[in-house]
Amino acid sequence: MNLVFVGPPGAGKGTQAEAILKAFPIPQISTGDIIRATISGDGALADECRRYTEKGLLVPDDLVNRMVDRRLQADDCRPGFLLDGYPRTVNQAEALEAMLERRGRALDHVLLLDIVDDLLVERITGRRSDPETGKIYHLKFDPPPAEVVNRLVQREDDTEQVLRRRLTEYHEKTAPLLPFYQERGLLRRIDGTQSMAQVRKQILQVLGG
Ligand code: AP5
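Residues numbered from 1 in each chain as written. Predicted model: local features only at pLDDT ≥ 70, side-chain atom pairs only at ≥ 80, totals over all residues. Heavy atoms only, no water.

Enquirer: Residues and numbers for the packing of aromatic side chains, please.
Expert: In total, this model carries 1 aromatic pair according to the counting rule given. With a centroid separation of 5.0 Å and 90 degrees between ring planes, the pair formed by phenylalanine 180 and tyrosine 181 is classed as edge-to-face. Since its relative accessible area comes to 8%, phenylalanine 180 is described here as buried. Of note, lysine 135 hangs over the ring of tyrosine 137, and the distance from its end group to the ring centre comes to 5.0 Å. Here the basic side chain of arginine 184 rests over the ring of phenylalanine 180, its NZ or CZ set 3.6 Å away from the ring centre. (Phe/Tyr/Trp six-rings, centres within 6.5 Å; stacked < 30°, edge-to-face > 60°. Buried < 20%, exposed > 50% of the residue type's maximum accessible area, 1.4 Å probe, protein only. Lys NZ or Arg CZ within 6 Å of the ring centre and 35° of its normal.)

And the structure:
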């Protein structure tokens, strides 16, 4: 199963990826995670990526396209993949189409987590993650157990100010993907305003899991 997850920052893509991976044996490919891992190293590439993410701007297409092309070559992608946060521009979507065509593959579903901006500030500013397990929590909606609270971290770009810029990027550059995938009959709208359990149920229904 070849899947793409689209949605604004904080819509719940990372949270729901966990449920999908439990139901289907495919790897999650999060370009946000790949970029954060790059930034945690040294060198010109780390500096270049940081310059964009710290301002809430998208990293240039050619850089991200190369990262994904390389990742899709790995053996674990043979049964399929869940692309989380990629593509994010029409240029990236066209690049992905070409990458898949070269490999004789195609997308099965593009899952859109649909949610209004007003709900995202609280989701983003309350998000914390566990650096040991990678698990995502929310201080109000998915409170962490007491034994992990002290080691939780907050992402540097999870401030209200940077979120506003990320949302502008989403509406200007990522929203055009919706008609792109609608025309191809791939877009599946999921109501992202529901509870985590309801969202999970709707996604699994769409995927037949
Ligand atoms: P990335 O890491 O992809 O961030 P994002 O798209 O902004 O998405 P988030 O990870 O913030 O949100 P999410 O939808 O995964 O929400 P989550 O499940 O955590 O990208 C970061 C940066 O990297 C970008 O700004 C850009 O610079 C760069 N980048 C990445 N990909 C790129 C690309 N393709 N091209 C160019 N640049 C790229 O949920 C959020 C919180 O809400 C959590 O605390 C969770 O517990 C809670 N929550 C989740 N669901 C619910 C619910 N239903 N009800 C209540 N709370 C909920």
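Enquirer: Go over the state of the cysteines with me, naming the residues and quoting the values.
Expert: Tallied over the full model, the rule gives 0 disulfides. The structure places no disulfide on cysteine 49, whose sulfur is separated from the nearest cysteine sulfur, that of cysteine 77, by 20 Å. (Disulfide = S-S within 2.5 Å.)

Enquirer: So, the pattern of salt bridges: which residues are in play, and what are the values?
Expert: With the rule as written, the count across this model stands at 19 salt bridges. Linking arginine 36 and aspartate 33 is a salt bridge whose minimum nitrogen-to-oxygen distance equals 2.9 Å. Of the two residues, arginine 36 and aspartate 33 are both situated in helix H2 (residues 31-39); the distance of 3 residues between them amounts to about one turn of the helix. Between glutamate 122 and lysine 140 there is a salt bridge, with the nearest N and O atoms lying 2.8 Å from each other. Linking glutamate 122 in helix H6 (residues 120-125) with lysine 140 in the loop between strand S6 (136-138) and helix H7 (160-174), this pair joins segments that are 18 residues apart in sequence. (Salt bridge = Lys/Arg side-chain N within 4 Å of Asp/Glu carboxyl O. Helix = DSSP H or I, 4+ residues; strand = E, 2+ residues; numbered from the N terminus.)

Enquirer: Give me the lowdown on the site of the ligand, citing residues and values where you can.
Expert: For the ligand, the set of nearby residues contains 34 residues, the closest of which are Thr15, Leu57, Arg88, Arg127 and Arg166. Within the backbone of lysine 13, one N or O atom sits 2.9 Å away from an oxygen atom of the ligand. In this structure, an oxygen atom belonging to the ligand sits 2.9 Å away from a side-chain N or O atom of arginine 36. Within the complex, the protein chains bury 96% of what would otherwise be the 1,000 Å² of accessible surface of the ligand. If you tally residues by element for the shell around the ligand, the top one is H2, at 4 residues. (Near = heavy atom within 4 Å. Polar contact = N/O pair within 3.5 Å; in protein donor to acceptor, adjacent residues only side chain to side chain. Areas by Shrake-Rupley, 256 points an atom, 1.4 Å probe, with all protein chains shown as cover.)

Enquirer: Summarise the pairing of strand S1 (residues 2-6); cite the residues concerned and give the values.
Expert: S1 sits mainly inside the fold: 5 of its 5 residues count as buried. On S1, burial covers both faces: Asn2, Val4 and Val6 on one face and Leu3 and Phe5 on the other are all buried. Bridge analysis of S1 against strand S4 (residues 109-114) gives 4 bridges, and the strand direction is parallel. Bridge assignment links valine 4 to a residue of S4, and that residue is valine 110. (Pairing = 2+ DSSP bridges.)

Enquirer: Any details on helix H1 (residues 13-23)? Residues and values, ideally.
Expert: Structurally, the α-helix is built with 3.6 residues per turn, so residues lying three or four positions apart point the same way. All buried positions along H1 are accounted for by Lys13, Gln16, Ala17, Ala19 and Ile20. The buried residues of H1 occupy an angular sector of 165 degrees when projected down its axis, which confines them to one face. Looking at the packing, one finds that the buried side of H1 touches S1, strand S2 (28-30), strand S3 (81-84), S4 and helix H9 (196-207). (Arc of directions from axis to C-beta. Contact = heavy atoms within 4.5 Å.)

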